[in-house]
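Structural overview for review
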Amino acid sequence: EAGVAQSPRYKIIEKRQSVAFWCNPISGHATLYWYQQILGQGPKLLIQFQNNGVVDDSQLPKDRFSAERLKGVDSTLKIQPAKLEDSAVYLCASSPFFGTGNRGYTFGSGTRLTVV
Amino acid sequence: GQNIDQPTEMTATEGAIVQINCTYQTSGFNGLFWYQQHAGEAPTFLSYNVLDGLEEKGRFSSFLSRSKGYSYLLLKELQMLDSASYLCAVKKGGGNKLTFGTGTQLKVEL
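Read on for an overview of the structure. (Residues numbered from 1 in each chain as written. Chains lettered and ligands numbered in written order. Predicted model: local features only at pLDDT ≥ 70, side-chain atom pairs only at ≥ 80, totals over all residues. Heavy atoms only, no water.)

1. Digging into the environment of D57(A)
Just so we agree on the cut-off: By definition, any uninterrupted DSSP run of H or I lasting at least four residues is a helix, any uninterrupted run of E lasting at least two residues is a strand, and each is numbered from the N terminus.
Tracing the backbone through its elements, the reader meets D57(A) in the loop between β6 (53-56) and β7 (65-68). It is 20 Å that separates the C-alpha atoms of D57(A) and G108(A), two residues lying 51 residues apart in sequence.

2. Some details on the pairing of strand β6 (residues 53-57) of chain B
Which entries qualify depends on this criterion: Strands qualify as paired when DSSP identifies two bridges or more between them.
In this structure, β6(B) lies alongside strand β7 (residues 60-65) of chain B, joined through 5 bridges in antiparallel fashion. Paired with G53(B) across the bridge in β7(B) is L64(B).

3. A closer look at unusual backbone geometry
Residue and element names in this part refer to chain A. The omega torsion across S7 and P8 is -5°, close enough to zero to call that bond cis. Secondary-structure assignment places P8 in the loop between β1 (5-7) and β2 (10-13). Of note, R16 is a non-glycine position whose phi angle comes to about 80°, a positive value. Structurally, the position occupied by R16 is in the loop between β2 and β3 (19-24). The backbone phi angle of N51 is positive, close to 55°, even though this residue is not glycine.

4. Remarks on the state of the cysteines
Residues and elements named next belong to chain B. Which entries qualify depends on this criterion: Disulfide assignment relies on a single distance test, namely cysteine sulfur atoms paired within 2.5 Å. Relative accessibility under 20% of the residue-type maximum defines a buried residue, over 50% an exposed one, and the middle range a partly exposed one, all with a 1.4 Å probe and only protein chains included.
Overall, the coordinates contain 2 disulfides over all chains when judged by the stated rule. In this model C22 forms its disulfide with C88; the gap between the sulfur atoms is 2.0 Å. Taking the sign of the S-S torsion, -65° for the link of C22 and C88, the bridge is left-handed. With C22 in strand β3 (residues 18-25) and C88 in strand β9 (residues 84-92), this pair connects stretches of sequence that are 66 residues apart. Note on C22: relative accessible area 0%, which makes it buried. You can call C88 buried: its relative accessible area is 0%.

5. Looking at the interface of chain A and chain B
The criterion, for reference: Residue contacts are counted whenever heavy atoms from the two residues lie within 4.5 Å of one another. For any pair of parts, buried area is found by adding up, for both, the accessible area (1.4 Å probe) each one loses once the two are put together. Salt bridges are identified by distance alone: a Lys or Arg side-chain nitrogen within 4 Å of an Asp or Glu carboxyl oxygen. Polar contacts here mean pairs of N or O atoms no more than 3.5 Å apart (in protein, one a potential hydrogen donor and the other a potential acceptor; neighbouring residues in sequence count only if both atoms are side-chain atoms).
Counting from both sides, the interface comprises 27 residues of chain A and, opposite them, 19 residues of chain B. Carbon and sulfur atoms make up 51% of the area that chain A and chain B hide from each other, which totals about 1600 Å². If you look at where chain A meets chain B, you find 1 salt bridge. The interface formed by chain A and chain B contains 6 residue pairs in polar contact (both at pLDDT 80 or more). Secondary structure elements with two or more residues in the side of chain A that touches chain B: β4 (31-37), β5 (44-50) and β9 (88-95) of chain A.

All we've got here are geometric facts, nothing functional implied.
Structure, rendered in structure tokens:
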């Protein structure tokens, strides 16, 4: 099966600019996650979707970050305006059903964002 | 909240055995995952434990003690390509959300 697709692979922007990341999960996977991974740290959950509904966005900085999954398939994460501390890898992951089961998530390759 | 602790770095010799520990504190524990992450790549699933005991899968084994809030990942016959970050992640409750530790950077040397 095709994996989780993310684009772009890399992005460099200046602070206060806006940026958007795209994710296409594995076909049929109902649950989609966006994680932020700062260099040297583990991934931190930003938002979790179940189909096109938000399940958990408690750690999403809503003053600058937004995400949508309008048709319950692909998703977009946006940052506006970006800050230096947003420099990180943004990982998208998906899983086939609400319970994780024993396989966990499948991650995409991530988008490495550098804010200068 | 959840506290997940792992050593930051470890170094081991090719062909040897290494054990990476993970301790956690959480309510509603419902499973622990280990992921491997090579530099610049996505995390990939290694193992899952929800009951106490040892799960063996080739050169990799994972152990869980729920009463102690403790897990370890055991890597045998180390190879250079095992140099990577190893992430411990805890699942809480019936949902799908995983909370990750900061990862242990393993360096395998000749």
